Amino acid sequence: MEISNDSGIKKPKRLTSVVWEHFERVRKADTCYAVCRHCGKKLSGSSNSGTTHLRNHLMRCLKRTNHDVSQLLAAKRRKKDNNVNLGNITFDGQRKEEYMKPAIIKFEPEHKRDEIINYGSSKFDQERSQIDLARMIIMHGYPLAMVEHVGFRVFVKNLQPLFDFVPNSSLEFSCIEIYGKEKAKVYDMINKLHGRINVSAEMWFSSENSQFLCLAVHYIDEDWTLQKKILNFVTLDSTHTEDMLPEVIIRCLSEWDIDCKLFALTLDDCSIDDDITLRIKEQISEKRQYSSNCQLLDIRSAAHVLSFIVQDALDALREVIQKIRESIRYIRSSQVIQGKFNEIAQHAGINSKNALVLDCPSRWNSTYGMLETALEYKNAFSIYQEDDPSYSSSLTDEEWEWVSSVTSYLKLTVEITNVFKKNRFATANICFPEICDVHLQLIDWCRSPDPFLSSLALKMKARFDKYWNKCSLALAVAAILDPRFKMKLVEYYYSKIYGSPAVHRIKEVSDGIKELFNAYSIMVDQGSALPGSSLPGTCSDSRDRLKGFDKFLHESSQGPSTTSDLDKYLEEPIFPRGNDFNILNWWKVHMPRYPVLSMMARDVLGTPMSTVAQELAFSTGVRVLDPSRSSLNPDTRQAVICTQDWLLNESRDLNPSSSHSALPLLIESS
């Protein structure tokens, strides 16, 4: 209740509540008043009235500078009842020495993620807080509906009672607004790049079988750091067919004005019709200034082909794997059976430290671990069968041989996938030796005298060959641009894979890298591709008529005494291999020595040879969007997914030592 403005006599008694820092207690006759130091308003100051009405006045006092409202009103509570609801949140005062000014984290790009900015004297900003809330939801993958959760509302009100919760539609608008601002920054950054860019395209699904296309750009920046950014997360129409994919991709590239800059397009599945990529090439080629090696433009994900081959092996061995699962379940069904089995294993000389475990069928590395351990106890299973007639899931010797052969392949695949998985962004040069090892393993496996294993190997190799025929040249070129390998690694593996015809295959690779290098040399001759100049290959119809002349001029100027960057690089000794070698740092240092070749290396090494996210490397299911994102409208969905990727990359760049692996990626495997 508010009292009329009368004068009175001050009472010198010291009061303990922090509220009295903002009021003077005066007495008139037998009545006590509390006079606001900011606006002079009088309120009841009787000890029977408490301090709630005084705190409420401070919250709405217009003449009071809002420098400590949240901390003042969030002082320690004295009530023992912990049942709090939004209807009766109470705030008790605290002693002055306990008071601390609030520290506000502001999500501005110019500040580091951990940086604490103290705005102790600033006024509360509802709009700023709403934007910060939207950024938090985007950055950490929280559902928009969290603002409706009672617990969240109580938490926020205790921190800042002045904050007004807004409906989801307003929060969505804030997310779209943030997306627009961040997109403008990404657009400007990508279009200022001097090199070319690579794009990967991945298909995603929802639990309702909706389809999405995720486009990401990959490039090596001016500091020779490999970067990746999601550009689009497109919701495909229910009437979408595969032949519409080129139009969707081209539309997205045109939206970002990067169709002329495209060096390679990486798709996640070798089964995608080649006509699709051909149509994309044709549309892009119309805007190109020069013609590069076409095979480098069409890449398929290495991790995907490995996963598909593994799935072929597991499907063929499904019944045997199921027997192993049932055997392990039976052994672990009781302590008596487990004890008897362990005793048999000990007598059989099995000293394995690994315990029998069941796999997670959706994670094929888990299935590999189960099979590997089961093989260690092979003899124990065979002996136990003789002692326990109830055990009916034993394997034959032939089936154990199948398990052994499949497990040996899975081991190699697990090791190779771990190479891809341990690097957040792996440069293209690491893929060639790993894929060659798979090739050699499949060739050897096809020679198996066992009809089951040989037929399975032939099926797997047919799938692998489709990938190899499409991507082997790109893989080899990337390996050649590794100074530790150069042409020697290609010669080593091709002689093992092809035998005597390897000479012709090696020449194809040599001709391929020379053709690509010559294309870059022509761009330098045009003066449009020197380091620090404008982007090579910028669309310009006025130059198209002279492309043939440029090529003729370049070829005619190459005399026998001329040594190109590529020749000089290949003739020099191979760089020693070491665990701490960083290929991007090597090219950054040697860029002045190989000005043209370094430009080509930047584009080739930035080509994504795999599109599988680290957390999905061993998954056997399709990539499924989480339910909270699936329920959003298409524009909001794209906004929150793309913006989250940009904000996390920005935060990582500002604070490289911090890890963001624990942050949700919005997407989950099924």
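Conventions adopted
- Residues numbered from 1 in each chain as written.
- Predicted model: local features only at pLDDT ≥ 70, side-chain atom pairs only at ≥ 80, totals over all residues.
- Heavy atoms only, no water.
- Buried < 20%, exposed > 50% of the residue type's maximum accessible area, 1.4 Å probe, protein only.
- Helix = DSSP H or I, 4+ residues; strand = E, 2+ residues; numbered from the N terminus.
- Pairing = 2+ DSSP bridges.
- Expected span 1.5 Å × (residues − 1).
- Contact = heavy atoms within 4.5 Å.
- Salt bridge = Lys/Arg side-chain N within 4 Å of Asp/Glu carboxyl O.
- Axes fitted to C-alpha atoms, helices over the stretch in contact; angles between N-to-C directions.
- Parallel < 35°, antiparallel > 145°, perpendicular 65-115°, else oblique.
- Left-handed = near helix turned anticlockwise from the far one by under 90°.
- Nonpolar A, V, L, I, M, F, W, Y, C, P; charged D, E, K, R; others polar.
- Phe/Tyr/Trp six-rings, centres within 6.5 Å; stacked < 30°, edge-to-face > 60°.
- Lys NZ or Arg CZ within 6 Å of the ring centre and 35° of its normal.
- Core = buried A, V, L, I, M, F, W, Y, C linked by side-chain atoms within 4.5 Å.
- pLDDT = per-residue confidence, 0-100.

Take the pairing of strand β7 (residues 211–220) next. With 9 of 10 residues buried, β7 is to be regarded as a mostly interior element. Pairing of strand β6 (residues 197–205) with β7, which is carried by 8 bridges, proceeds in the antiparallel orientation. Its bridge partner lying in β7, W204 is registered against F212. Connecting β6 to the next strand, β7, in antiparallel fashion are 5 residues, including N209 with a positive phi near 70°.

Along its 15 residues, helix α8 (residues 302–316) runs 22 Å from first to last C-alpha, staying within 8% of the 21 Å computed at 1.5 Å per residue. Of all 15 residues in α8, 11 are buried; the element is thus mostly enclosed. Considered for burial, the residues of α8 that qualify are A302, A303, H304, V305, L306, S307, I309, V310, D312, A313 and L314.

What follows is about the side chain of R325. As for its placement among the helices and strands, R325 is situated in helix α9 (residues 318–331). Judged by relative accessible area, R325 falls into the buried class, the value being 13%. With sequence-adjacent residues up to four places away left out, R325 is seen in contact with L358, D359, P361, T367 and M370.

So, on to unusual backbone geometry. In this structure, W224 takes a positive phi of about 60° despite not being glycine. When you line up the elements, W224 lands in the loop between β7 and β8 (226–235). Even without glycine at this site, K486 takes up a positive phi of about 50°. Residue placement: K486 occurs in helix α16 (residues 486–498). Classification of K486 by relative accessible area gives buried; the value is 4%.

Turning our attention to the environment of M244. In this structure, M244 sits in the loop between β8 and α6 (245–255). Judged by its relative accessible area of 36%, M244 falls in the partly exposed class.

Further remarks concern the pairing of strand β4 (residues 31–36). Sheet faces and side chains relate simply in a regular strand, where the side chains alternate between the two faces. Counting buried positions along β4 gives 5 out of 6 residues, so the element sits mostly inside the fold. In terms of strand pairing, strand β3 (residues 23–28) meets β4 through 6 bridges, oriented antiparallel. Looking across to β4, one finds that R27 is bridged to C32. Between β3 and β4, which pair antiparallel one after the other, the connecting turn spans 2 residues, and A29 there sits at a positive phi close to 60°. Across 3 bridges, β4 lies against strand β5 (residues 42–44) in antiparallel orientation. In the strand pairing of β5, V35 is matched with K42. Counted along the chain from β4 to the antiparallel partner β5, the turn is 5 residues long, and its residue G40 has a positive phi close to 80°.

Next up on the list: the pattern of salt bridges. Enumeration over the complete set of coordinates arrives at 20 salt bridges. Its salt-bridge partner being E182, residue K185 comes within 3.2 Å of it at the nearest N-O pair. Pair noted here: K185 and E182 are both in helix α5 (residues 168–191), with a separation of 3 residues, about one helical turn. Residue K185 is classed as partly exposed on the basis of its relative accessible area, which comes to 36%. A salt bridge links E255 to K183, with the shortest nitrogen-to-oxygen separation between them at 2.4 Å. Separated by 72 residues along the polypeptide, E255 in helix α6 and K183 in helix α5 bring together distant segments of the chain. We classify E255 as partly exposed; its relative accessible area is 36%.

The subject of this paragraph is the packing of α8 against helix α13 (residues 397–422). Contact geometry of α8 with α13 gives a least axis separation of 11 Å together with a crossing angle of 160°. Our classification of the angle between α8 and α13 gives roughly antiparallel. Pair α8 / α13 crosses with left-handed handedness. Residues A302, A303, L306, I309, V310, A313 and L314 of α8 form the contact with α13, whose own contacting residues are V406, Y409, L410, T413, I416, T417 and F420. For the contact of α8 with α13, the class distribution of residues is 12 nonpolar, 2 polar and no charged.

A pair of packed helices is captured by two measures, namely the crossing angle of their axes and the spacing between those axes. Contact geometry for α13 and helix α15 (residues 451–480): axes closest at 10 Å, N-to-C directions at 25°. In terms of their interaxial angle, α13 and α15 are classed as roughly parallel. For the element pair α13 and α15, the recorded crossing hand is right-handed. For the pair formed by α13 and α15, the contact residues are W402, S405, V406 and Y409 on the first element and F452, L453, L456 and M460 on the second. Residue composition of the contact of α13 with α15, grouped by class: 7 nonpolar, 1 polar and no charged.

A word on the packing of aromatic side chains. Inspection of the entire model under this criterion finds 32 aromatic pairs. Ring geometry for F575 versus F581: centroids 5.4 Å apart, planes at 45°, classification tilted. Here a set of aromatic residues connected by ring pairs shows up, and it is made of F432, F464, Y467, W468, Y492, Y493, Y494 and Y498. For K183, the ring lying beneath its charged end belongs to W256, and the centroid distance is 5.3 Å. One residue, R602, lies across the ring of W224, its end atom 4.6 Å from the ring centre.

Attention now goes to the side chain of R602. With respect to the helices and strands, R602 occurs in helix α22 (residues 595–605). According to the relative accessible area criterion, R602 is buried, its value standing at 10%.

So, about the nonpolar core. Counting residues in each nonpolar core, the largest one holds 110 residues, and the members touching the most others are F432, Y494 and W587. The greatest single-element share of this core, amounting to 16 residues, is contributed by α15. Of all hydrophobic cores here, the second largest spans 60 residues; its members include M146, V199, I284 and L647.

Here the focus is the environment of L358. If you trace the backbone, L358 turns up in the loop between α10 (335–347) and α11 (364–376). The class of L358 is partly exposed, set by a relative accessible area of 34%. Distance in space between the C-alpha atoms of L358 and I328 is 6.9 Å, their sequence separation being 30 residues. Beyond its immediate chain neighbours, meaning those up to four positions away, L358 contacts R325, I328, R329, R332 and M370.

Turning our eyes to something else, we now look at the confidence of the model for the protein. Here the protein shows a mean pLDDT of 80. Residues at 70 or above account for 76%. Within the protein, helix α2 (residues 69–73) has the poorest average pLDDT of any element, 43, and α16 the best, 96. Overall, residues 289–296 carries pLDDT values under 50, and its contacts beyond four positions in sequence, including any with other chains, amount to 28 contacts. Counting interchain partners and residues more than four positions distant, the pLDDT-below-50 stretch residues 658–670 has 36 contacts.

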